[in-house]
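Coordinate analysis (summary)
Spelled out from the first residue to the last, the chains are:
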Amino acid sequence: HILLIDSNSPLMEQLNFFHDHTLLIITLITILVGYNMLSLLTNSFINRFLLHGQLIEIIWTILPAIILLFIAFPSLRLLYLLDETNKPSLTLKSIGHQWYWSYEYSDFKNIEFDSYMVPSAELNEGDFRLLDVDNRIVLPNHTQIRLIATATDVIHSWTVPSLGVKIDATPGRLNQTNFYMNRSGLFFGQ
């Protein structure tokens, strides 16, 4: 995978596969169009069998439609998989504020905390600027997790790229998504 982050969830693996699939199709189209443009430079522009080009017009009308289907069907399958919730074992509620996030573990009583970004002046050796927080979320791996996101003031976006999760937190609305982590580790969101 060129320039893509390592995946930590089955959904992100599927997103990477779809990226590679679409990139292959785009590469083949680019090579074909480039070859045709180069052949136009050396062609004499005369062919007595292409005076009435009904067959070629049918081909160049149907071929792009078939190519679009090869992109559309995997894309629709992936959109369905991203939106499906499979009996979550844990629910995490995330509330976006102007400069921090509040988290609530809805399945347990009174477990809620605020998570602020660590200021640059207080970073320790090995910490990541603009990514580390004072209270991290702890989630189990190999478990289906539902995330419910909302906001108190403006629209925020909660994302963890390696999980393939991105959701908007909108004031007055609850949005939900789900994810599944393949392995344990420290994963940064933005």
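Residues numbered from 1 in each chain as written. Predicted model: local features only at pLDDT ≥ 70, side-chain atom pairs only at ≥ 80, totals over all residues. Heavy atoms only, no water.

For clarity, the threshold we go by: UniProt positions are given in the numbering used here, feature names are shortened, and annotations may be inferred rather than shown by experiment.
The name given to the protein chain in an unreviewed UniProt entry is Cytochrome c oxidase subunit 2, and the organism recorded there is Forcipomyia taiwana. According to UniProt, the comment filed for the protein chain under the heading Catalytic activity (unreviewed entry) is "4 Fe(II)-[cytochrome c] + O2 + 8 H(+)(in) = 4 Fe(III)-[cytochrome c] + 2 H2O + 4 H(+)(out)". UniProt, in the comment section headed Subcellular location (unreviewed entry), describes the protein chain in these words: "Mitochondrion inner membrane".

Considerations on the overall build of the protein chain
Using the following cut-off: Only DSSP runs of H or I with at least four residues qualify as helices, and only runs of E with at least two residues qualify as strands; both kinds are numbered from the N terminus onward. Based on C-alpha atoms, the radius of gyration is set beside the globule rule, defined as 2.2 Å times the residue count to the power 0.38. Note on classification: 1.4 Å probe, protein chains only; a residue is buried when its accessible area is under 20% of the maximum for its type, exposed when over 50%, partly exposed between these limits. The contact definition used throughout considers only heavy atoms, calling two residues in contact when any of these lie within 4.5 Å. Each accessible area is a Shrake-Rupley result for a 1.4 Å probe, and residues are judged covered by the shown protein chains and nothing else. Only four residue types enter the charge count: Lys and Arg as positive, Asp and Glu as negative, with His and the chain ends excluded. By convention, charge coordinates are those of NZ in Lys, CZ in Arg, CG in Asp, or CD in Glu.
The helix and strand inventory of the protein chain stands at two helices and seven strands. Starting at the N terminus, the α and β elements of the protein chain follow one another as α-α-β-β-β-β-β-β-β. For the protein chain, the C-alpha radius of gyration of 24 Å lies well beyond 16 Å, the compact-globule estimate for 190 residues. Oriented by its inertia axes, the alpha-carbon framework of the protein chain measures out at about 80 × 40 × 35 Å. Looking at the protein chain residue by residue over its 190 residues, the buried ones come to 25%. Of the contacts formed within the protein chain by residues at least 6 apart in sequence, a portion of 58% connects residues at least 24 apart. On the protein chain, roughly 13,600 Å² of surface is accessible, and the fraction owed to carbon and sulfur atoms is 63%. With 11 positive and 17 negative side-chain charges, the protein chain shows a separation of 8 Å between the mean positions of the two kinds.

Points about the UniProt feature "domain: Cytochrome oxidase subunit II copper A binding" (unreviewed entry) in the protein chain
Following the UniProt record, the feature "domain: Cytochrome oxidase subunit II copper A binding" (unreviewed entry) maps to residues 87–190 here. Between the end C-alpha atoms of residues 87–190 there is a gap of 26 Å, over a span that is 0% helix and 40% strand.

Some points on the sheet that holds strand E7 (residues 175–180)
The condition that has to hold: Paired strands, as defined in this entry, are two strands with at least two bridges between them according to DSSP. An axis is simply a line fitted to the C-alpha atoms; with a helix, the fit covers only the stretch in contact. Between two such axes, the angle follows the N-to-C directions and lies from 0 to 180 degrees.
Read across the open sheet, the five strands follow the order E3-E2-E1-E4-E7; overall the sheet is mixed. Sheet topology places strand E3 (112–116) and E7 at the edges, where each strand pairs with a single neighbour. Each adjacent strand pair in this sheet contributes to an overall mean axis angle of 25°, direction not counted. Summarising the sheet, strand E2 (residues 100–105) and E3 pair through five bridges and their orientation is antiparallel. Along E3, the bridge assignment pairs Ser102 with Asp114.

What to know about unusual backbone geometry
Despite not being glycine, Lys87 has its phi angle at roughly 40°, a positive value. Position of Lys87 among the secondary structure elements: in the loop between helix H2 (54–83) and strand E1 (90–96). For Lys87, a relative accessible area of 76% gives the class exposed. A positive phi angle, close to 55°, is found at Asn110, a residue other than glycine. Mapped onto the fold, Asn110 is located in the loop between E2 and E3. Among the residues examined, Asn110 registers a relative accessible area of 76% and is labelled exposed.

Examining the UniProt feature "transmembrane region" (unreviewed entry) in the protein chain
Using the residue numbers shown here, the UniProt feature "transmembrane region" (unreviewed entry) corresponds to residues 21–38 and 58–80. Along residues 21–38 the backbone is 100% helical and 0% strand, and the end-to-end C-alpha distance reaches 26 Å.

Structural notes on the side chain of Asn178
Tracing the sequence through the fold places Asn178 in strand E7. Discounting residues that sit within four places of it in the chain, Asn178 has contacts with Leu11, Leu82, Glu84, Thr85, Asn86, Gln144, Ile145, Arg146 and Val165.

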